[in-house]
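So the chains spell out like this:
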Amino acid sequence: DARVTQTPRDKVTEMGQEVTMRCQPILGHNTVFWYRQTMMQGLELLAYFRNRAPLDDSGMPKDRFSAEMPDATLATLKIQPSEPRDSAVYFCASGLAGSLAGYTFGSGTRLTVV
Amino acid sequence: GENVEQHPSTLSVQEGDSAVIKCTYSDSASNYFPWYKQELGKRPQLIIDIRSNVGEKKDQRIAVTLNKTAKHFSLHITETQPEDSAVYFCAAQRRISGNTPLVFGKGTRLSVIA
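Remember, it's a predicted structure, so these values are computed and weren't measured experimentally.

Things to note about the interface of chain A and chain B
Logical step 1: Facing 25 residues of chain A, the contacting portion of chain B comprises 20 residues.
Logical step 2: The largest per-residue losses of area from chain A upon contact with chain B belong to A:Leu43, A:Tyr103 and A:Phe105, which jointly make up 31% of the total buried on that side.
Logical step 3: Our count for the chain A to chain B interface comes out at five residue pairs in polar contact (both at pLDDT 80 or more).
Logical step 4: Counting residues per element, the side of chain A that touches chain B draws most heavily on strand E5 (residues 42-50) of chain A, which supplies four residues.
Logical step 5: Classifying every residue of the side of chain A that touches chain B by side-chain character gives 14 nonpolar, eight polar and three charged.

This is the structure:
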């Protein structure tokens, strides 16, 4: 089965440090989402890319978060500086626009900021 | 933008009974409605989806119905089993004709009691 690969699986960092999360979408997929999952807020959309172009990042705190797709095989989500309230599981999902197939989620990055 | 409401937030059923989860959406142009199942500590996995050109879709014990006029869609699980226990998320997107993101409901925690 084709998979969306996310690294790292777990990250513990101190407040104020930079955190970079990576996502490798399924080969050929041209749509990438970043979601943040917490118990209170569920799956919140942070960013949305199509053909590497950002289409929607309105859910992302712009002062500390940034999302990019340096190439079609890599999406990154950075937090600088990190804060304890950023502790959550961050999921990446990919799909092919216009296809009948659904979107596939990666296994997530569990971030803990202490 | 799209807003998805999901009810109930928790649901307990006896093994063998049916479970129904309901969602409403706000964007009348949304045309893609997937359902995801998330087991504890794992990623959301697509279990079934429906597009706005059909009113109902079935896959073994799982069915989804869509009422475009009322802007609501539902997940039906029959003959529930303990392994159906998980958090279920509905989502909506204007997938075919637009570049809108996939927006999720807050989730329903289903417990199937043996």
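A few points about the nonpolar core
Residue and element names in this part refer to chain B.
Logical step 1: Ranked by size, the top nonpolar core spans 24 residues in total, and within it Trp 35, Phe 73, Leu 75 and Leu 110 carry the most contacts.
Logical step 2: Looking at this core, the elements that each hand over two or more residues are strand E2 (10-14), strand E3 (19-25), strand E4 (32-38), strand E5 (45-51), strand E7 (62-67), strand E8 (72-77), strand E9 (86-92) and strand E11 (108-113).
Logical step 3: Ignoring sequence-local partners within four residues, the contact set of Phe 73 consists of Ile 21, Lys 22, Cys 23, Tyr 25, Phe 33, Trp 35, Thr 65, Leu 66, Cys 90 and Ala 91.

Quick look at the sheet that holds strand E7 (residues 65-71) of chain A
Across a sheet, strands are paired by hydrogen bonds formed along the backbone, either parallel or antiparallel in direction.
Residue and element names in this part refer to chain A.
Logical step 1: The sheet built from four strands is open, its strands ordered E1-E3-E8-E7 with antiparallel pairing. Two strands in the sheet have a free side with no partner beyond their single neighbour: strand E1 (5-7) and E7. Strand-to-strand twist of the sheet, defined as the mean angle between neighbouring strand axes without regard to direction, takes the value 20°.
Logical step 2: With five bridges joining them, strand E3 (residues 19-24) and strand E8 (residues 74-79) adopt antiparallel strand pairing. Its bridge partner lying in E8, Thr 20 is registered against Lys 78.

Some thoughts on the packing of aromatic side chains
Logical step 1: Scanning all chains against the criterion turns up 15 aromatic pairs over all chains.
Logical step 2: Ring geometry for A:Phe91 and A:Phe105: centres 5.9 Å apart, planes at 80°, overall edge-to-face. With A:Phe91 in strand E9 (residues 88-95) and A:Phe105 in strand E10 (residues 104-105), this residue pair connects regions lying 14 residues apart in the sequence.
Logical step 3: The class for A:Phe105 is buried, based on a relative accessible area of 1%.
Logical step 4: Ring geometry for B:Phe89 against B:Phe104: centres 6.3 Å apart, planes inclined by 90°, an arrangement best described as edge-to-face. In this pair, B:Phe89 sits in strand E9 while B:Phe104 sits in strand E10 (residues 103-104), placing the two residues 15 residues apart along the sequence. Comparing B:Phe89 with B:Phe104, the two get one shared label, buried.

Description of the side chain of B:Asp84
All names here are of chain B.
Logical step 1: Relative to the helices and strands, Asp 84 resides in the loop between E8 and E9.
Logical step 2: In this structure Asp 84 comes out as buried when scored by relative accessible area, which is 6%.
Logical step 3: Residues contacting Asp 84, with those up to four places away along its chain left out, are Lys 37, Arg 61, Ile 77, Glu 79, Leu 110 and Val 112.

Concerning the state of the cysteines
All names here are of chain A.
Logical step 1: One pass over the structure, following the stated rule, counts two disulfides over all chains.
Logical step 2: A sulfur-sulfur separation of 1.9 Å characterises the disulfide bridge that pairs Cys 23 with Cys 92. An S-S torsion of about -55° defines the bridge between Cys 23 and Cys 92 as left-handed. A residue pair is termed long-range when its members are at least 10 positions apart, and Cys 23 in strand E3 and Cys 92 in strand E9 qualify at 69 residues.
Logical step 3: The class for Cys 23 is buried, based on a relative accessible area of 1%.

What counts, and at which threshold
Residues numbered from 1 in each chain as written. Chains lettered and ligands numbered in written order. Predicted model: local features only at pLDDT ≥ 70, side-chain atom pairs only at ≥ 80, totals over all residues. Heavy atoms only, no water. Contact = heavy atoms within 4.5 Å. Buried area = accessible area lost by both parts, 1.4 Å probe. Polar contact = N/O pair within 3.5 Å; in protein donor to acceptor, adjacent residues only side chain to side chain. Helix = DSSP H or I, 4+ residues; strand = E, 2+ residues; numbered from the N terminus. Nonpolar A, V, L, I, M, F, W, Y, C, P; charged D, E, K, R; others polar. Core = buried A, V, L, I, M, F, W, Y, C linked by side-chain atoms within 4.5 Å. Buried < 20%, exposed > 50% of the residue type's maximum accessible area, 1.4 Å probe, protein only. Pairing = 2+ DSSP bridges. Axes fitted to C-alpha atoms, helices over the stretch in contact; angles between N-to-C directions. Phe/Tyr/Trp six-rings, centres within 6.5 Å; stacked < 30°, edge-to-face > 60°. Disulfide = S-S within 2.5 Å.

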